[in-house]
Amino acid sequence: MTSQNNVLKGVFLVALGATTYGMLATFVKMAYSEGYTTAEVTTSQFIYGILGILVINLFQRVKNKNTAVKASPKNIFNLMLAGTSLGMTSLFYYLAVKYIPVSIGIVLLMQTVWMGVLLEMILEKKLPSKQKVIAVFIVLFGTVLATNLINNDIELDWRGLVWGMLAAASFTTTMFTANSVATEISSAQRSLYMLLGGAVIVFSFAFVTQVTAFNLEIFLKWGIVLSLFGTIIPPLLMTAGFPLTGIGLGSIVSALELPVSVTMAYVLLNEKVILSQWIGIVLIILAIIIMNVNFKSKK
């Protein structure tokens, strides 16, 4: 019974984390509508995010009476290097939703499903299972429906599509590195150093692209919201929930961010989402379930 309760607790934590992250792009789009730039949005998010995770680290250090395993210089370097993909994901995703609807942007981000299979095949040097191949084809077909490519009346800005696919590629890298680099130290420490690595990318982008004076009002208006929904709450909830659910069930539950993101865009941004797009979204979620469910019966 305790084991079942732990799984339910894990499902709740992962679901809440995915739901929170699913709301993020809508808030970014709303910040854009008020005239803020991508550089201002990402910089404020990462600064508040680093401060928030720093506080959590200090709290944990006091709670554990300084007995937790500390990160070595090698750990810090590897995590910061891995964190650069985290910074790129935020930048590419936010640039994508600047040019295309949020409902399309989140679907492009979900291309991590087949990109993850491809990366796994390259790293492990073996062909994916039939189950994964079927899931990949369902994702691709679902994407065609969800992005409304079959409707010639809709013209999508090619810049948004390119940035969206780049966001998916960097997110795939982040997922692989987040689960394999310096796993012996606490998740709060790992989050902090990965955020610092991401901040190097974000601040460099801001330095190069911000041609007007930096609007500091972003810190009061959107910075805290973006950091909570993007860099603080989802990673903490998911790193707490995934060990309880396992990767398979956790991945299925985390797919919630897709319908949440589309619904938020529909409600708050009045983005039009037609029936075929919803069918495509359901197919992508179905593919994630197929990929993570063990169909082999236990003897």
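Here's a quick rundown of the structure. (Residues numbered from 1 in each chain as written. Predicted model: local features only at pLDDT ≥ 70, side-chain atom pairs only at ≥ 80, totals over all residues. Heavy atoms only, no water.)

1. Some words on the overall build of the protein chain
- What the protein chain contains, in helices and strands, is 12 helices and zero strands.
- A globule of 299 residues ought to have a C-alpha radius of gyration of about 19 Å, and the protein chain, at 19 Å, matches this closely.
- Summarising its shape, the C-alpha atoms of the protein chain cover approximately 65 × 55 × 40 Å along the three principal directions.
- Residues counted as buried form 45% of the 299 residues belonging to the protein chain.
- Across the protein chain, every contact between residues at least 6 apart in sequence was considered, and the portion connecting residues at least 24 apart equals 89%.
- Carbon and sulfur atoms make up 69% of the accessible area of the protein chain, which totals about 15,400 Å².
- Across the protein chain, the centroid of the 19 positively charged side chains sits 17 Å from that of the 11 negatively charged ones. (Helix = DSSP H or I, 4+ residues; strand = E, 2+ residues; numbered from the N terminus. Rg over C-alpha atoms; globule rule 2.2 N^0.38 Å. Buried < 20%, exposed > 50% of the residue type's maximum accessible area, 1.4 Å probe, protein only. Contact = heavy atoms within 4.5 Å. Areas by Shrake-Rupley, 256 points an atom, 1.4 Å probe, with all protein chains shown as cover. Lys, Arg positive; Asp, Glu negative; His and termini not counted. Charge placed at Lys NZ, Arg CZ, Asp CG, Glu CD.)

2. Notes on the packing of aromatic side chains
- The tally for this structure, following the rule as stated, stands at six aromatic pairs.
- Ring geometry for phenylalanine 27 versus tryptophan 222: centroids 6.2 Å apart, planes at 35 degrees, classification tilted. Of the two residues, phenylalanine 27 is situated in helix 1 (residues 2-33) and tryptophan 222 in helix 9 (residues 217-245); the sequence distance between them amounts to 195 residues. For the pair phenylalanine 27 and tryptophan 222, one class covers both residues: buried.
- Look at phenylalanine 214 and phenylalanine 219: their rings are 6.1 Å apart centre to centre, the planes differ by 35 degrees, and that puts the pair in the tilted class.
- Judged by its relative accessible area of 27%, phenylalanine 214 falls in the partly exposed class.
- Among the aromatic residues, ring-to-ring pairing joins Phe27, Trp222 and Phe229 into one connected group.
- Positioned over the ring face of tyrosine 32 is lysine 98, at 5.8 Å from the centre of the ring. (Phe/Tyr/Trp six-rings, centres within 6.5 Å; stacked < 30°, edge-to-face > 60°. Lys NZ or Arg CZ within 6 Å of the ring centre and 35° of its normal.)

3. Things to note about the pattern of salt bridges
- Under the definition given, this model contains four salt bridges.
- Lysine 221 is the partner of glutamate 34 in a salt bridge, and the nearest nitrogen-oxygen pair spans 2.9 Å. Linking glutamate 34 in the loop between helix 1 and helix 2 (38-63) with lysine 221 in helix 9, this pair joins segments that are 187 residues apart in sequence.
- Here arginine 159 makes a salt bridge to aspartate 157, at a shortest N to O gap of 2.8 Å.
- Residue classification places aspartate 157 among the partly exposed positions, given a relative accessible area of 22%. (Salt bridge = Lys/Arg side-chain N within 4 Å of Asp/Glu carboxyl O.)

4. Side note on the side chain of threonine 245
- Along the chain, the position of threonine 245 falls in helix 9.
- The buried category is assigned to threonine 245, whose relative accessible area is 12%.
- Beyond its immediate sequence surroundings of up to four residues, threonine 245 is in contact with Val7, Gly10, Val11, Val14 and Gly250.

5. Side note on the environment of leucine 286
- Tracing the backbone shows leucine 286 in helix 12 (residues 275-292).
- With a relative accessible area of 39%, leucine 286 lands in the partly exposed category.

6. Some points on the packing of helix 3 (residues 73-99) against helix 4 (residues 102-109)
- Running from N to C, helix 3 and helix 4 point in directions that differ by 145 degrees, and their axes come no closer than 9 Å. Here helix 3 and helix 4 pass one another in a crossing that is right-handed. In this structure, helix 3 contributes Thr89, Tyr93 and Val97 to the contact, and helix 4 contributes Val102, Gly105, Ile106 and Leu109.
- Its residues assigned to classes, the contact of helix 3 with helix 4 shows five nonpolar, two polar and no charged. (Axes fitted to C-alpha atoms, helices over the stretch in contact; angles between N-to-C directions. Left-handed = near helix turned anticlockwise from the far one by under 90°. Nonpolar A, V, L, I, M, F, W, Y, C, P; charged D, E, K, R; others polar.)

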